[in-house]
Structure formats: C-alpha cells, structure tokens
Amino acid sequence: MAGIVSYGSYVPYRRLKRAAIAAVLGVPATRGERAVASFDEDSVSMAVEALRDALKTAPGAEVRSLIFGTTTAPYLEKLNAALVGAAARLPAEIRAIDSTGSIRAGLSAMLQAAESAAAGGGHAAVALADCRLGAPEGKLEQSGGDGAAAFIFGRDNVIAEIEASASLTREYLDSWRTPGERFSHSWEERFALTQAYGPFFRKIIREVLEKAKVAPGDLAKIVLDAPNQRAADEALRELKFDPARVADSLALTVGQTGAAHAALMLTAVLPSAKPGDRILVATVGDGADAMVLKVAPANANFRPVRSVGRMVESKGDVSYANYLKWREILPTEPPRRPDPDRPAAPPMMRAEKWKFGLIGSKCRACGTPQLPPQRVCVKCRAFDKMDPYPFADRHGRIATYAIDRLAYSLNPPTINAVVDYEGGGRFLCEMTDCEPDKVAIGDEVEMTFRRLFTADGVHNYFWKARPRR
Amino acid sequence: MASKGIKDRVAIVGMGCTKFGEHWDKGAEDLLVEAAYEAYGSAGIDPNDVDAYWLGTMGSGVSGLTLSEPLKIQYKPVTRVENMCATGSESLRQACYAVASGAFDVAMAIGVEKLKDSGFSGLVVANPPNDGTPACMTPPALFSLLAPAYFKKYGLDPEKGKDVLTRIAWKNHRNGARNPKAQFQKEVPMEAIRNSPKIADPLGIMDCSGVSDGAAAAIVVRAEDAHKYCKNPIYIKALSFVAGPAEGPLSPEYDFTTFPEVVASARDAYAQAGVTNPREQISLAEVHDCFTPTELVLYEDLGFSKRGGAWQDVMEGFFDLEGKLPVNPDGGLKSFGHPIGASGLRMMYEMWLQMRGEAGPRQLKNPRMGLTHNLGGQPGRCVSFVSVVGNQIG
C-alpha cells in the first residue's frame, strides 16, 4: 500500500493567551494559548505554507492531484485548491478538490489521497488548514487554533506506510454553520460526548486495529483528535492506552486546528518515530476516520523543513483587541484613505505565475535575476531573453525599510522592506510577522504567501517577507 | 544626454499664482481663472493674445476642456499634460518649446490641483486595473525609505539624522512665514516639528508637504519679443526632463541615497545653461521637498553639496534664507503647500519674484541665476525636472 512520502506543517506566528480573552470578557480562563492566523492569513495561505515545505522534501514527486481540506474556505464558490496549487507552483495538469464540511475533512482527504496514490494515480498532495473562529465568550474561541499540515502520498520511498484505514459516517447534529454565518452552532455537549464521539472512537479504533492486526499495546504513538478534548481523553481512558504513548494534543500551545489538527499532531510525532513503529491516527466529526501507519526505514533520514516544535517556539503575542479587529468581530473607524482596489481578473490571469508563484525572470544574456518578470533586462537591456526564475524559496536581506502609519491596514503600521535576494534580485514588498521597532537594515527575511486584503469580495493574495522562522 | 537646450531663447513675461491652501470655497476652475487672469495682467496682455495653452493637472480634470471651458478660450490649442508631481514643470517645458519652435508667439503654461475635495488624508492616486501585486505604499512611506539608508551610509545615528530632517522643515516654515501666498505662514519651533505625530518613521506629519489646493501660470514668449511685454523678464537657461527606467525597486545596485533621475536631469540642465559649479553659481533654488529626506538627498544630487555632506550643510545653515545658497525661500512644498499640477509653476513664480526684486520680506540680494527642481514618483522610480533661469541674457 501507499504511504506518506513527505510532509510539512505550519503554525502561524501569533499567539493569543487564553487568560487575555478571559480578562477582557470576564469568562473563566482556560490554560495556555492558541495560535492565531495573522490579519493577512487564512486557510488558503496557511495551507500553502505547509504544502511548500512538504514539496521541498519530496524533490522527485510528480504530483497529480491536490486536495485542500478545511472548514473555513475563503471562497464558497471558486476552487480554493486552485489557489493553493498555484502558490505552491504545482503544475496545471492536476486534479484539485476542496474537502470541507467537517473537521474530519482533513483525515478523510488524507485517506482519499493515499488510496489514489495506491491505485497508481501518481503522487497525491493534501494540504489541510483551518482558521477556527469561535464567537466571543464561547468555548471554541479559546479551544480552537489556527494551523496547517500537508502531505505528499506516493508508492515509493515512503516514510510511513498506511497499513489499514477505517471510516464511519453518521448523520446527526453536532456542529453546524449555514452560508452567511460566521460562527458555528453546536448541540449540547453531553449529547455528542455520550452518543457520538465516545461510541465512534471505540468502534473505529477497534475496527482499524483489527484490520491492521495490531494490538493496542503495540502502538508506539496514538494521535487522537476530537473537537472536544474531553472526548479524546475519555476515549483514551476507555481504550486503556498508555498515556506516555499518546501524542500531544497541542491544546496548550496551538489549540484545535479544525480539519488540519489530526494531521498537525501527526507531523509533530513523525520526526521522532522509529522504523517499525505503529501510529494510530483517528478523528471524529459527523462520524469518524482512522488509520494505522507503519513507520518505514526512510523516516530515519527524513527531516521536515520546519518542525512543529520549532514553529510552536517561534511566536509573538497578539492582544485580544487586535485579534477581534483582525477577525472583523470588532468594527473600527475606517481610515481616511480610499479602500483598496479590487484586483482585476485579466491581469491576474496574465500574471498567474508571478502573482501566485512569485516567479520572476532571469536574463539569459547577463544572468541578472529580476522581479516582477521583465521583458527588457534591467541590467543589460537585452530584449525578450528571459527565463522564468522562482523567488519564493530564496532568502534575502533588508536593504532599507519604511514604517507606514498612513496606509490602511488591520494591523498598523504597515512595514515595507526593500529585499535583496541571495543570488540576485530585489523586491519592494510588505513585511509581516514582525515588530516595527525590531526591523533593521541587513535583517534576513524569507517569503510567505499572504492575503493582502479583500476588496469587493475578491481576496487579494500575494507575497510578503517575514523574518526567518 | 544629448539635449541641445534653448538657452536664452525664451522668456517668461508674466506670472500668476493663487494662494495655496484649503480653498473650501473654490473649485479647480476658480483657481485656474484666478491664476490665468493674474498672469494676463502681469504680462499686460489680453486673453486673446495667447496663442496656445499647456495645462498641467494630475487629477483635477482631463483634456484641454478643463481649462478652455472656465476661461472661455476661443478655439485655440489647449493640451493637458501629466507627469505626476512634476506636472506643472512639464506644462512649462511644453509651452517654452512651442514658442521657441516658432509655432506660436505667446503661450501659457498653467497648472492646477484641487486636493482638498477628496476627503482623504494625504495624496491619493488612482491606478489602472491591475493584478493586485504592486506595493500599496503611501508617498511618505516611499520617501521615508531614504532616511534609514542615508543615515546608515553616512554614519548618522537616528537622533542626529532626525535633527537634520527637522532643521530642513524648520527652515522651510521659517521662509513660508515670510510669504503671504503660502499655505502655512507660521514659523514652527524645532521641538514641535521633531515631536509631531509619526507618519512613516522617522517622518512625522511635520516632515510632510502640505496637502493643498492652488494654481499657478506663466506666459512665455521668444526672448527677442520679451521687452514688448515687460521691462524685466526672466530667461530660460535650461529645461531638462527625464523619466528613469525605474531600476530602484529592481536592482540591488541602487542604495536609496540618491535619485539617479535627478542627477541626470541636473547634469543635462547644467550643460544647457553652462553651469559648471552649481554650489557657487546658483543664487537660489526651489527644490521638490515633498518630504524632508527628499530635500536632503536633492542637495547632493543637484551638486549643491558633496556626497554625504548635505546634512552638515543643513546644520550649518548653508541653505537658509541668509545662507550662501537659499533653498526654497518661498517655503517650498513643505510650507507653501503642494497642489500637484501647480507646484512646478509655483517654484518658477518664486524665481519670477526674486529676480525682479518683488519677494518682499524674503527678498534675496541680487539673485542672478536660479534653479527649480521638480520630481514625481518615488526613490528609484521617478521622473525629474530641472530648470535654470536668469534675469539676464548670456
């Protein structure tokens, strides 16, 4: 059977301390903090971050399909996976699907991709991301988190093989949200705990372990993800799993990242897994999905571009007030500046490789890299002697910068930097995930795909620079 | 650079300029009428004597009708020109070349901008439909890119650098306080400038030029005809205009401490005018001080200061009204205000007053050769205009 060839993960830079929410709202505080997508991030941009990393560690992969899994797709109509694929520079000749509707959409997408790869469908990519939004004073506001994970499935050079999988789908009312609603509704907690999560976990886990012919005691790691931590805890207790083998739920550091969460937890345990280890992954939501992975020898030599641990450590706080503004829960006085223009469809399509893939050009005559792509070389003025030249994975240094307090932003001031790339090329772009008083000439930056703004219902995605994470 | 120039072949024989500022009670058409009629009166001519018009405005109207309609121009050529913040200078350049060519005897260059009706803070420029990738930076942020780069290159600590910028704004307000047509006619203490609210660090609101309404106009004729209209005309020694290849945002070779376009246009203008040592030969200059670091860098690009030496000249008062080379004696964009299409002609208006001894409390002693400098765009990606004018032929 097929398995995981490569993976990447992403935890946004910003953290909201749960005590900070409680202090403002006067509600009971839970422990820890949650990861917060910045004002310029969403599920698409975070999925791109994770998928870019997964592709970097799968150099030979010929990806033939992409599934984007989320419960918070930026577009209800328009293929979000197309955006993810363009920014990750996947070829146009792929099948692309949005998988949504439940936090289980993530693991379901992984199983679908694994089966597609097993059936000879070529390498299958899965990018899962969520931006969990709970109404103020609600449980989800504190327990939810934002993050992403991505996998490449294939038949050769797997680092973890899928030994067995099981799925269960039931129709019942637990969490729901209709078009136009920002916050989800949920039924009384006891109902889901006793009638859904508990029984579903028991059933799916027994079934998948039987299929894999693995005894519970033989599992090296257990990745159990539930929309509600109590549900996971109770299932773990009932099934008598050794707590030492249970994967960190990331509840204290990241929060439950919706459709990405089981996957994110898995990417956190894979680096330390040993060849031959069995890992159980299960999640509930409108039923349940589960799989048993057998870690392959190749895992010993696999290093993700960025570990979950490293991203959990790389962080900066956001105040609850700013969080409310970023999510547009708290309306604010509009700036006395014009609204940004809606980007236009024809120029966006003409510039697809540039806008989404950050592909510039390099002069064949003099070798000078430049961006945006040019027709006349900035250096030697040769005409139409350019080759495509990608910049997204290049690091650069700040040549000079500006701190713009006049420009419209959900997170003023806007910081712009002139970035000079290693190997050549210069770009003037916005900075993100940084503090205005910490920017300096010479700082090293890397590129990140972001949502600059939304105008007339069109999300304007493009690239920014951020301090290296 | 191979422009041949029209040294001493064209003269300005009349000018007009409205007060700049918040004209809540006037539209662009009112401002145009006021500036035009003041210029007609100044040259002692009838509107029918003008053969052709060049109207500069960045956004206060399109086509020649913007001018011909309020002035009731009788079926004559009116060309609307636009070159960002150098629009006013561009209209003058076109009018000068038109009379120099012999195609017309009398031409008017006029510029206007009505900025205060937009309801927005600062300058707003409409972009054509695009792919959403161009940087959305405000003008102060774009020009603030100069500050950290200049400070770092020449070893100024940020506090010292801020002193230099503050003194430039202080000087321009001090000059504007002596100008009844300026938007801001008050001296401003250094502390108030230094501590003004930040707009684009290290720039505060007091490092920014005034958002303003206004219009200015000039009447040009061939030099040999000048004395038919006035006793003391001023003569065009050089007109240079360049648009750069916008290398700054593309090429790491650009270091944000200079405007290559200004260097090129200054070199061209000096060659046309026969200026070999601008620091000594130029009596006064009006330069494009849209933001204080711009003026700092321009001193070096125009050859008034040596590279890395402008900040010392600033601190020593070299460019003050009483200094060796007064710059922006009328208050500059900072204090006179910056109605885009009018600014280049407003600069020329100060040349007109100073060379004719009509500048009142800010009158300089015997100025003979003056320079105006006008730019549009951003550091590394701009258009630049330099003129040299004098009150004598030769």
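Residues numbered from 1 in each chain as written. Chains lettered and ligands numbered in written order. Predicted model: local features only at pLDDT ≥ 70, side-chain atom pairs only at ≥ 80, totals over all residues.

> Give a description of the overall build of chain B that names residues and reports values.
Tallying secondary structure elements over chain B gives 14 helices and 11 strands in all. Its C-alpha radius of gyration of 19 Å places chain B within 12% of the 21 Å reference for a compact globule of 394 residues. With respect to the principal axes defined by its C-alpha atoms, chain B has extents near 60 × 45 × 40 Å. Counting over 394 residues, chain B shows a buried share of 61%. A separation threshold of at least 6 residues defines the contact pool for chain B, and within that pool the share at least 24 residues apart is 79%. (Helix = DSSP H or I, 4+ residues; strand = E, 2+ residues; numbered from the N terminus. Rg over C-alpha atoms; globule rule 2.2 N^0.38 Å. Buried ≥ 20, exposed ≤ 12 C-beta atoms within 10 Å, placed from the backbone. Contact = placed C-beta atoms within 7 Å.)

> Explain the pairing of strand β10 (residues 369–378) of chain B residue by residue, including any values.
All names here are of chain B. Most of β10 sits inside the fold, with 10 of its 10 residues counted as buried. One ladder, built from 3 bridges, connects strand β9 (residues 284–286) with β10; its direction is parallel. Of the residues in β10, the one forming a bridge with E286 is T372. The turn joining β10 and strand β11 (residues 381–390), which pair antiparallel and follow one another in sequence, is formed by 2 residues; a positive phi near 85 degrees is taken by G380. (Pairing = 2+ DSSP bridges.)

> Just give me the short version of the sheet that holds strand β15 (residues 359–363) of chain A, but keep the residues and values in it.
Residue and element names in this part refer to chain A. The strand order β16-β15-β17 describes an open sheet built from 3 strands, whose pairing is antiparallel. Taken across any chain shown, the strands that pair with only one partner, and hence form the sheet edges, are β16 (369–370) and β17 (386–390). Where β15 and β16 come together, 2 bridges link them in antiparallel fashion. Residue pairing for β16: K362 is matched across the bridge by P369.

> Hey, could you go over unusual backbone geometry for me, with residue numbers and the actual values?
Geometrically, the link from P412 of chain A to P413 of chain A is a cis peptide bond, its omega value of -5 degrees lying close to zero. Inspection of the secondary structure assignment puts P413 of chain A in the loop between β18 (396–404) and β19 (414–421). In the Ramachandran plot, D286 of chain A falls in the positive-phi region, its phi being about 50 degrees despite a non-glycine side chain. Within the fold, D286 of chain A resides in the loop between β12 (278–284) and β13 (287–295). Despite not being glycine, A246 of chain B has its phi angle at roughly 60 degrees, a positive value. Its place among the elements puts A246 of chain B in the loop between β8 (234–243) and α9 (260–273). The partly exposed category is assigned to A246 of chain B, around which 16 C-beta atoms lie within 10 Å.

> Residue-level account of the environment of M15 of chain B, with values.
All names here are of chain B. When you line up the elements, M15 lands in strand β1 (residues 10–17). You can call M15 buried: it has 26 C-beta atoms within 10 Å. Along the primary structure M15 and S196 are separated by 181 residues, whereas in three dimensions their C-alpha atoms are 35 Å apart. In contact with M15, not counting residues within four places along its chain, are A39, S42, A217, A218, Y349 and W352.

> Go over the domain arrangement of chain B, please, and point to the residues and values.
Bring the parts together and some accessible area is lost; that lost area is often taken as the interface size. Residues and elements named next belong to chain B. The domain architecture assigned to chain B consists of domain 1 (10–115 + 213–232) and domain 2 (139–208 + 236–390). Placing a centre on the C-alpha atoms of domain 1 and another on those of domain 2 gives a separation of 24 Å. Mapped by element, the contributors of at least two residues to the side of domain 1 that touches domain 2 are β1, α3 (87–100), β4 (106–114) and β7 (213–222). At 7 residues, α3 tops the list of elements feeding residues into the side of domain 1 that touches domain 2. (Domains from an automatic or database assignment.)

> Any details on the packing of helix α5 (residues 146–153) of chain B against helix α11 (residues 292–301) of chain B? Residues and values, ideally.
Residue and element names in this part refer to chain B. Axis separation between α5 and α11 bottoms out at 9 Å; the angle between their running directions is 45 degrees. The angle between α5 and α11 falls in the class oblique. In terms of crossing hand, the pair formed by α5 and α11 is left-handed. For the pair α5 and α11, contact is made by L146, A147 and Y150 and by P293, T294, L296 and V297, respectively. Partitioned by chemical class, the residues of the contact of α5 with α11 number 6 nonpolar, 1 polar and no charged. (Axes fitted to C-alpha atoms, helices over the stretch in contact; angles between N-to-C directions. Parallel < 35°, antiparallel > 145°, perpendicular 65-115°, else oblique. Left-handed = near helix turned anticlockwise from the far one by under 90°. Nonpolar A, V, L, I, M, F, W, Y, C, P; charged D, E, K, R; others polar.)

> Hey, could you go over the interface of chain A and chain B for me, with residue numbers and the actual values?
Opposite the 36 residues of chain A that make contact, chain B presents 34 residues. With 6 residues, β18 of chain A is the single largest residue contributor to the side of chain A that touches chain B. Taken together, the residues of the side of chain A that touches chain B sort by class into 22 nonpolar, 4 polar and 10 charged. The pairing of β18 of chain A with strand β5 (residues 198–201) of chain B spans 2 bridges and is classified as antiparallel. Across the sheet, residue D404 of chain A finds its bridge partner in β5 of chain B, namely A200 of chain B.

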